[in-house]
Every structure is written in structure tokens, then in C-alpha cells.
Amino acid sequence: MKQLIRVGMLGIGNIGRGTWQALAMNHDRILESTGLDIEIVKILNRHPDKDRGIDIPKEKYTAEVGDILDNPEIDIVVELIGGIEPATEYMARALSNGKSVVTANKAAIAANGRYLVDLAQQNHVLIRCEAAVAGGIPILTSLTTALLSNSFSEVHGILNGTTNYILTQMTEYGNDYAQVLKEAQNKGFAEADPAADVEGYDAANKLSILMSIIFGAEVSPEDIPTRGITTIAREDIEYSLNAGYRIKLLASAKKGKKGLYANVEPVLIPAGHPLAAVSNEFNAVFVKGNAVDDLMFYGRGAGPLPTGSAVLGDIIGIARKLEKDSAYDIVPQLRYDSGVKFIGEGASKYYVRMTVTDRPGVLGRITTTFGQFGVSVEAVRQEAPYESGKERVAALIFRIFEVERPLLYYVLNKILNENIIKSIDNIMRIED
Ligand SMILES: NC(=O)c1ccc[n+]([C@@H]2O[C@H](COP(=O)([O-])OP(=O)(O)OC[C@H]3O[C@@H](n4cnc5c(N)ncnc54)[C@H](OP(=O)(O)O)[C@@H]3O)[C@@H](O)[C@H]2O)c1
């Protein structure tokens, strides 16, 4: 039997248009296979006279948000305006009015997910945010349906297409970070202000959401140790290639004996690992479950149609629950209830690149100082010396055995302050 599902959409930017287009392409197929007749009945458009480059009947538009949030005819509100506010306020109002919510907004969910989920449960409605993590990849839905029987010990994601594109171009063409960023901006792959992407904050928002689903943990993105890709130099890329690694901005969380570890940072991954093959603007999420074992999801983490596909998937998921009148009776997509303790980063293997004056005894002094503090060196490599000003210098690259980051930083600072070396040029985790 055909059931009409009336959707109100907030925002008609990239993803709003992508969602409209994806529905236009697939409406009849969805109706045929599910019986759901999904209609976007109203769209919040704060600039109704702006040319959106898409054929949408004018009467669908409203500049008044109440026409959607307080409209008794609307079943599901789709929030696609972005940013923490007023998006959170609008979603809260929709939920309080008994409407289910679909959003692509990682910033608002990472900041206020618990508040919104609680509100949804109090009002016996649903909130879903598949599109907020890895765009078109159905990772949240898979984790909360087909994979629900598993307990997961770790998750690693390449969750930001812009940074993955930049790192791939640096690796394939040997170009500098700044040069590749400029090209990416010219091609529309990077924002004019790229900070949220290149500093890792966007990936931290997404990891915070994944940690809620996978571990039931409430971890604010500000508490996740986060480093971006701005310090990656050609030398780091060259070393990684020669040593059989690829550098990826990885968002990782692992369950350890004492609690949960997490961070977002550039990491050296073995070239044979499936995540190393994820190139350019593509995203991937790798999980390890106690039954399913290793599993990787791969696809487009952004873009109007892939993200619109995820938004529509959530609309269909909610509509099917509404149809069966069981909206309050399912596993929520987000949860914050496991009580698992978040305890920072944990120990890892590290890559350290430094510059030293090319004279005898320097390497010995460095390794002795490492040894004094129990930091073990797995391997060291010296690059060819070169003239710098009046002296000859050389790059030293260390692989350090598992160590906690604060101890490593303490010892490296000591080595630097005692003028044993000239500079520390980069420090990255190695994921074997
Ligand atoms: N772009 C992607 O590939 C992607 C992928 C996954 C998730 N997302 C998420 O999807 C959401 C939308 O992203 P987008 O790329 O579509 O952004 P966008 O192109 O900037 O579109 C945002 C839309 O919201 C409207 N808007 C913004 N603030 C508003 C307000 N206060 N009141 C009313 N309307 C407002 C804008 O109106 P005007 O056009 O009139 O300014 C525009 O129509 C974000 O949360 C983003 O993180 C995006």
C-alpha cells in the first residue's frame, strides 16, 4: 500500500540540491520497492530569488523556518544548512514537535548529539545522520543493523576527502603541500579557508560520532588529540615511499585494557594495507569486529549525489519505522551509554625526522638520551648530508618502538634543548 511521506528540507545548497536530485532520479523505484511515496513538500530557502541552478517549483520554497518546523503536515525534517547553530536549535524544535530528523551535519551532531538523541527518545521520534560521516558510505546504518552482533575493538577512517586528495597528489607527483593545496582550491576540492579540513577538525567531528556508535562513548571532538597535514613535507613522503608506507590522515579509536584511545593525525600505514590504497577524494572506514573480523567500507565521502543518497537512505529508514509505528523501538543510530572511559592516545610506534649537524658522535648522543628514558629505537636512517649556511647538516629519520607521546615529546625536547640536534622536523605515528 502506498504511504505518503512528507519531508521538509532546511537549506538548498550542495547537499540540498543533491538530495532533491537523488529523489527525482529514484522516487519511482523507491515507491515500487517500499511503497513509500516520498515528497519534499517545503524547502527553507533564505534567499528565494537566488538562482540555484535546479528546477524546483517556487511554491515549495519558504523563507520562514516555522513553515517547516511547526507544520503538522510534515513527518520528517531534513537539516542541510550546516554549522552548529541555528541547526541544533532547528533540529531540537522539530523533534519537540514530534518530527523525526535527518541531518548531514557532523559539526552539530558531534557538539550536541546526546542532547538531540535524548530529545528524540523523549518525543518517540528518530534522528539519523548517516550523511554526516563519510558522505555516501553507509557506515552508520551497517553498524547499527547488519553488524549489530559484533563488539568492535578498533576503527580507523580516512574521513576527509580534501586532505586525502592533497596527500595523494603529494605522493604521486612529489609536489609540496602548499602547491597541492593551491591546485586543490582551484579545482574546488578544497575550501578557500581550508582549516577545518587540513587541521583535522572535520575528521575529529566524524570520529566523535563513530565513537558514539561503535563504543557507546561520549567524546567531544575537542578532547580528541588532533593534528593536521600542514607539516607534511616532501621528505616525509619520500621516506614513507622508500620504507614501504603511505601517509594518510587517519582518524582512529581503539579499545585498550584501560579504556578507549583515539586520535586524528597523519600516520604511516604499510603500503599493503587496504587503507593505503584509498586515493584522492575517496573515503574509507576500517573496523575490526569480534565476529566479522576486518571489514573496510570504501566510497565517496562527499559530493551532492553520494551525500544525497545517504540522506535519502535515512529518510527511507525512518519512514519504514513510522509505517510500522515502531519509531521508539529500534536501536538508535547514536548512543552514549556504555560508560567506557576515554583516556587519550595510548602508546604507538613513531616516525621522527630531525636535522643534525653532520659531525661524529651526534647519533650516539641521541640514542643514549633515548635509552636513558626507556625510549627504544627500532631503526635509524641518515640521509645524504648537504650544506646549510656555513655548516653541513643531514636529516636523521628514526623509527621508535611503542611509546606514549608525552614521554617521546619530553625526550625529544630535551635532545633539542641540549643542542644535540638542530631541529625536529616531523613526528608521526606508525600503524603496523
Ligand atoms: N558538501 C559535501 O560534500 C558534504 C558532505 C557530507 C556532509 N555535508 C554536510 O551537509 C551540510 C550542508 O552542506 P552543503 O555543502 O550543502 O553546504 P552549502 O552548499 O553551504 O549549503 C547550505 C545551505 O543552507 C543555507 N543556510 C545556511 N545557513 C542558514 C540559515 N541560518 N538559515 C537558513 N538557511 C541557511 C544556505 O543558504 P544560502 O545558499 O542562501 O546561503 C544553503 O542553501 C553541512 O552540514 C555539511 O557539513 C556536506
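Just so it is clear, the structure is predicted and the values come from calculations on it, not from any experiment.

Engineer: Could you give an account of the packing of helix α4 (residues 106-122) against helix α9 (residues 201-215), naming the residues involved and the relevant values?
Structural biologist: Contact geometry of α4 with α9 gives a least axis separation of 9 Å together with a crossing angle of 50°. The orientation of α4 with respect to α9, classified from their angle, is oblique. As for how α4 packs across α9, the hand of that crossing is left-handed. Contacts from Lys106, Ala107, Ile109 and Ala110 of α4 reach α9 at Asp202, Asn205, Lys206, Ser208 and Ile209.

Engineer: Break down the packing of aromatic side chains for me, citing the residues and quoting the values.
Structural biologist: To describe a pair of aromatic rings, one takes the distance between the centres and the angle between the planes. Counted under the stated rule, the structure contains 5 aromatic pairs. Note on Phe373 and Tyr410: the rings are 5.5 Å apart at their centroids and 70° apart in plane angle, and the pair reads as edge-to-face. Placement of the pair is Phe373 in the loop between α12 (362-372) and β13 (377-382) and Tyr410 in helix α13 (residues 405-417), with a sequence separation of 37 residues.

Engineer: Help me get a handle on the domain arrangement of the protein, residues and values and all.
Structural biologist: On domain assignment, one finds that the protein holds domain 1 (3-135 + 303-329), domain 2 (142-300) and domain 3 (347-430). Computed from C-alpha coordinates alone, the two centres of domain 1 and domain 2 are separated by 27 Å. Each partner contributes residues to the interface: domain 1 has 11 residues there, and domain 2 has 12 residues. Roughly 950 Å² of surface becomes buried between domain 1 and domain 2 when both sides are summed, with 70% attributable to carbon and sulfur atoms. Applying the counting rule to domain 1 against domain 2 returns 2 salt bridges. Between Lys106 and Asp202 there is a salt bridge, with the nearest N and O atoms lying 3.6 Å from each other. One can count 1 residue pair in polar contact (both at pLDDT 80 or more) joining domain 1 with domain 2. Element by element, the count of residues in the side of domain 1 that touches domain 2 is highest for α4, at 5 residues.

Engineer: Could you give me a rundown of the site of the ligand, with the residues and numbers involved?
Structural biologist: Surveying the vicinity of the ligand reveals 21 residues, the closest of which are Ile15, Arg46, His47, Arg52 and Gly303. Ile12 is positioned such that a nitrogen or oxygen atom in its backbone is 3.0 Å from an oxygen atom of the ligand. Measuring from an oxygen atom of the ligand, one finds a side-chain N or O atom of Arg46 at 2.9 Å. A class-by-class count of the residues in the shell around the ligand yields 9 nonpolar, 8 polar and 4 charged.

Definitions and limits used
Residues numbered from 1 in each chain as written. Predicted model: local features only at pLDDT ≥ 70, side-chain atom pairs only at ≥ 80, totals over all residues. Heavy atoms only, no water. Axes fitted to C-alpha atoms, helices over the stretch in contact; angles between N-to-C directions. Helix = DSSP H or I, 4+ residues; strand = E, 2+ residues; numbered from the N terminus. Parallel < 35°, antiparallel > 145°, perpendicular 65-115°, else oblique. Left-handed = near helix turned anticlockwise from the far one by under 90°. Contact = heavy atoms within 4.5 Å. Phe/Tyr/Trp six-rings, centres within 6.5 Å; stacked < 30°, edge-to-face > 60°. Domains from an automatic or database assignment. Buried area = accessible area lost by both parts, 1.4 Å probe. Salt bridge = Lys/Arg side-chain N within 4 Å of Asp/Glu carboxyl O. Polar contact = N/O pair within 3.5 Å; in protein donor to acceptor, adjacent residues only side chain to side chain. Near = heavy atom within 4 Å. Nonpolar A, V, L, I, M, F, W, Y, C, P; charged D, E, K, R; others polar.

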